[in-house]
Each structure stands twice: as structure tokens, then as C-alpha cells.
Amino acid sequence: MFENGEIRPINTQGVVTNKGGITIFTPQKGNRAIITQVNINDSTAYTISLYRKSALTGKEILLYRLGLSGGDIIDDGIGYVLSEGDSLYLVANVGSANWSVEGFEYEKNCLNIPTA
């Protein structure tokens, strides 16, 4: 659990295979996150999606889905704010995809919110 006002860096990476997709990042319960960098590299087709959990029903709602062709690379440094329940989900349609996510995670009541 985070201490009151604590800000932690996010630096996670891995590989997803076509045997199923994985959530590459979701904030811990009670937290928010600022994603500052997303990198995905794959020689075959893959799809990245962003889901938001509904406060009313608890169901995941698809906000966007981006399908890319083999050899396309995501190197996005714009900065995204993810709330509790939001998740980035990655599927490698064939083979595998390398991914990394960087940013900051913090409690909802954090007074000094990090900037992207």
C-alpha cells in the first residue's frame, strides 16, 4: 500500500505471446497513474487497448483499440492519466510482442501530482 502522498516510478516491461493477451499496466486500488512512455515492438500484427472500469456496473468499457501491422512500432511519449480500474491491454496476434511502460503511480489524494 502507498503511504499518504507517495509517488512511485513505473518501469515495467515484458513479452506477450499469441497464446492470449495480457494487461501491461493498471494502477493499484486507490491509485492513479501518469503513463509517460509506452513502447511496443513486434515483427507481426498486434493490438493495444485501453479499458475503463465503470463505477456503476464494475464492467470494463473499451475506450479505444489500436491494431498495428507487423513491423509497426509504438513509441508514444505524450502522457496518459489512468484512474483506478483503467488498464492497458496488449494482444500479439501472431508470435510475440515486446513492450515497456514508464511513468508514475500515486494515490488519488496526492497533493503534489507528478507531471507527464
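Coordinates for the structure precede this section.
Residues numbered from 1 in each chain as written. Predicted model: local features only at pLDDT ≥ 70, side-chain atom pairs only at ≥ 80, totals over all residues. Heavy atoms only, no water.

What about the pairing of strand β8 (residues 87–92)?
Link 1 in the chain: Where strand β2 (residues 22–25) meets β8, three bridges bridge the pair, whose relative direction is antiparallel. Residue pairing in the sheet places Thr23 in a bridge with Tyr89 of β8.
Link 2 in the chain: Inspection of the sheet shows strand β4 (residues 46–53) paired to β8 by six bridges, in the antiparallel sense. Residue pairing for β8: Thr47 is matched across the bridge by Val91. (Pairing = 2+ DSSP bridges. Helix = DSSP H or I, 4+ residues; strand = E, 2+ residues; numbered from the N terminus.)

Points about the sheet that holds β8
Link 1 in the chain: Here we have four strands laid out as an open sheet, ordered β2-β8-β4-β5, and antiparallel in their pairing. The sheet terminates laterally at β2 and β5 (60–68), the two strands that pair on one side only. Sheet twist, expressed as the mean angle between neighbouring strand axes with direction ignored, is 30°. (Axes fitted to C-alpha atoms, helices over the stretch in contact; angles between N-to-C directions.)

Concerning the pattern of salt bridges
Link 1 in the chain: Tallied over the entire structure, the rule returns two salt bridges.
Link 2 in the chain: Taking the shortest distance from any N to any O, the salt bridge between Glu6 and Arg8 comes out at 2.9 Å.
Link 3 in the chain: Classification of Glu6 as partly exposed rests on a relative accessible area of 24%.
Link 4 in the chain: A salt bridge links Arg52 to Asp86, with the nearest nitrogen and oxygen atoms 2.5 Å apart. With Arg52 in strand β4 and Asp86 in the loop between β7 (80–82) and β8, the pair connects residues that are 34 residues apart, well separated along the chain. (Salt bridge = Lys/Arg side-chain N within 4 Å of Asp/Glu carboxyl O. Buried < 20%, exposed > 50% of the residue type's maximum accessible area, 1.4 Å probe, protein only.)

What to know about the packing of aromatic side chains
Link 1 in the chain: A complete count under the given rule lists one aromatic pair for this structure.
Link 2 in the chain: With centroids separated by 6.3 Å and ring planes inclined at 85°, the aromatic side chains of Tyr51 and Tyr89 adopt a geometry described as edge-to-face. Here Tyr51 is found in strand β4, whereas its partner Tyr89 is found in strand β8, with 38 residues between them in sequence.
Link 3 in the chain: Overall, Tyr89 belongs to the partly exposed group, its relative accessible area being 27%. (Phe/Tyr/Trp six-rings, centres within 6.5 Å; stacked < 30°, edge-to-face > 60°.)

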